[in-house]
Amino acid sequence: MHHVQAAGGAALNDDEAVATDRPPDSTTEPDGAAEAGHTAAASGSVEVGHTAAAGGAVDADQTAGGALRRRSLGVFGAVGCLVLLLDIATKQWAVAGLTGREPVRLPGGAVYLLLVRNSGAAFSLGTGYTFVFPLITLVVVAWIGWTARRLLSLPWAIAFGLILGGALGNLTDRIFRAPGFLTGHVIDFVSLFDRNGQGWPVFNAADSALCVGVALAVALELTGRRLDGTRAAGAGRGSVPDSAGG
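Keep in mind it's a predicted model, so treat the numbers as computed, not measured. (Residues numbered from 1 in each chain as written. Predicted model: local features only at pLDDT ≥ 70, side-chain atom pairs only at ≥ 80, totals over all residues. Heavy atoms only, no water.)

Colleague: So what's going on with the overall build of the chain? Which residues, and what values?
Modeller: Looking only at helices and strands, one finds five helices and five strands in the chain. For the chain, the residues scored as buried account for 32% of the 246 residues in total. For the chain, the accessible area works out to roughly 14600 Å², and carbon and sulfur atoms hold 66% of it. (Helix = DSSP H or I, 4+ residues; strand = E, 2+ residues; numbered from the N terminus. Buried < 20%, exposed > 50% of the residue type's maximum accessible area, 1.4 Å probe, protein only. Areas by Shrake-Rupley, 256 points an atom, 1.4 Å probe, with all protein chains shown as cover.)

Colleague: I'd like a description of the environment of Val 218, backed by residues and values.
Modeller: Locating Val 218 in the fold gives a position in helix α5 (residues 205-222). When its relative accessible area of 44% is taken as the criterion, Val 218 is described as partly exposed. A sequence separation of 59 residues divides Val 218 from Ala 159, and the C-alpha atoms of the two residues are 9.4 Å apart.

Colleague: Give a description of the nonpolar core that names residues and reports values.
Modeller: Here is a general trend for soluble globular proteins: nonpolar side chains tend to be buried in one another's company. Counting 15 residues, the largest nonpolar core has Phe 76, Ile 144, Leu 151, Trp 156, Phe 160, Leu 164 and Leu 227 as the members making the most contacts within it. Taken together, the elements giving at least two residues each to this core come down to α3 (132-147), α4 (154-176) and α5. In terms of residue count, α4 provides more of this core than any other element does, seven residues in total. The residues contacting Leu 151, other than those within four sequence positions of it, are Arg 69, Ser 72, Phe 76, Trp 156, Ala 157, Phe 160 and Leu 227. Ranked by size, the runner-up nonpolar core spans eight residues in total, among them Ala 94, Ile 187, Phe 189 and Phe 203. (Core = buried A, V, L, I, M, F, W, Y, C linked by side-chain atoms within 4.5 Å. Contact = heavy atoms within 4.5 Å.)

Colleague: Give me unusual backbone geometry: which residues, what numbers.
Modeller: Here the amide bond leading from Ala 178 into Pro 179 is cis, since omega sits at 10°, within 30 degrees of zero. Inspection of the secondary structure assignment puts Pro 179 in the loop between α4 and β5 (186-192). Its identity is not glycine, yet Leu 182 carries a phi of approximately 65°, on the positive side. Checked against the element boundaries, Leu 182 lands in the loop between α4 and β5.

Colleague: Let's hear about the packing of aromatic side chains: which residues, and what values?
Modeller: Counting across every chain of the model gives three aromatic pairs. When the centroid spacing of 6.5 Å and the interplanar angle of 70° are considered together, the rings of Trp 93 and Phe 189 count as edge-to-face. Here Phe 189 lies in strand β5 and Trp 93 lies in helix α2 (residues 31-98), a separation of 96 residues in the sequence. Ring geometry for Trp 143 against Phe 160: centres 5.8 Å apart, planes inclined by 85°, an arrangement best described as edge-to-face. Linking Trp 143 in helix α3 with Phe 160 in helix α4, this pair joins segments that are 17 residues apart in sequence. (Phe/Tyr/Trp six-rings, centres within 6.5 Å; stacked < 30°, edge-to-face > 60°.)

Colleague: Describe in detail the sheet that holds strand β3 (residues 104-105), supporting the description with residues and values.
Modeller: Strand order in the open sheet formed by three strands is β3-β4-β5, with antiparallel pairing between adjacent strands. In the strand order of this sheet, the two ends are held by β3 and β5, each with one partner. Relative to strand β4 (residues 111-118), β3 runs antiparallel, the two sharing two bridges. Directly across from Val 104, in β4, lies its bridge partner Leu 113. (Pairing = 2+ DSSP bridges.)

Colleague: Explain the pattern of salt bridges to me, using residue names and the numbers behind them.
Modeller: Throughout the structure, instances matching the rule amount to four salt bridges. Taking the shortest distance from any N to any O, the salt bridge between Lys 91 and Asp 87 comes out at 2.7 Å. Linking Lys 91 with Asp 87, this pair stays in helix α2, spanning four residues, or about one helical turn. What makes Asp 87 buried here is its relative accessible area of 0%. Between Arg 177 and Asp 173 there is a salt bridge; the shortest N-O distance is 2.9 Å. With respect to burial, Arg 177 and Asp 173 carry one shared label: buried. Within the structure, one salt-bridge network assembled from shared partners comprises Asp 87, Lys 91, Asp 173 and Arg 177. (Salt bridge = Lys/Arg side-chain N within 4 Å of Asp/Glu carboxyl O.)

Colleague: Mind laying out the packing of α3 against α4, listing which residues take part and the relevant values?
Modeller: When two helices pack together, their arrangement is given by the angle between their axes and by how far apart the axes lie. Orientation of α3 relative to α4, taken along the N-to-C sense of each, is 150°, at an axis distance of 10 Å. As far as their axial angle goes, α4 and α3 are roughly antiparallel. Of the two possible hands of crossing, α3 and α4 adopt the one that is left-handed. The residues of α4 that touch α3, namely those facing Phe 133, Pro 134, Thr 137, Leu 138, Val 141, Trp 143, Ile 144 and Thr 147, are Phe 160, Ile 163, Leu 164, Ala 167, Leu 168, Leu 171 and Arg 174. A breakdown of the residues in the contact of α3 with α4 according to their chemical character gives 12 nonpolar, two polar and one charged. (Axes fitted to C-alpha atoms, helices over the stretch in contact; angles between N-to-C directions. Parallel < 35°, antiparallel > 145°, perpendicular 65-115°, else oblique. Left-handed = near helix turned anticlockwise from the far one by under 90°. Nonpolar A, V, L, I, M, F, W, Y, C, P; charged D, E, K, R; others polar.)

Colleague: Requested: an account of the side chain of Asn 118, with residues and values cited.
Modeller: By the element assignment, Asn 118 lies in strand β4. We classify Asn 118 as buried; its relative accessible area is 4%. In terms of polar contacts, Asn 118 uses its side chain to reach the side chain of Asp 188, at 3.3 Å. (Polar contact = N/O pair within 3.5 Å; in protein donor to acceptor, adjacent residues only side chain to side chain.)

If you want it as structure tokens, here you go:
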């Protein structure tokens, strides 16, 4: 048997020398298996990354949608309250300042102020059905409140706020003014083009808000703007979100 002298002085036989030259074979993975493992790990990392990114995008969308909904509801409530307070204040002023007086002509002659107690609807319509109008108003208010939950559009929030404030303004008169509950007469005091209200029906701030709100809602509907802030297909850009929440 042939002996090989090791560097440290130990003698190794041929078999041992051959064994020392041989690379480990039991614990080392083949190159293909290592590459497959790396590929699987990389794929898993990419999938996890994509899932996390998608989840982050969904969370961001939900956060943005929630913020826009809160802002729209805030505008809706603020406009409604402002219209209601303005209507109540101007009616109180009209009762205090115009009772027993001749119509007041404002500069320019196109607008007159005179006190009228209206038992009908807006612009003195339907004076013989006073009890019906509060019921209709309550239905309208309930519908607006239910629909406002889906608001993601600031223009629609303004339109609904104007309508709600105007409806509540005249409903307040029906409830609290003479001759009685749900039959109270609405205070009107603005006349256009005639000192006696013959050229145009006498109206108030609530009537004005109602008309503007309905006109705005019709315009939004005709231009394809939806409550959720998108535009309907065929309205110019398809069903896409408006950048300003409109």
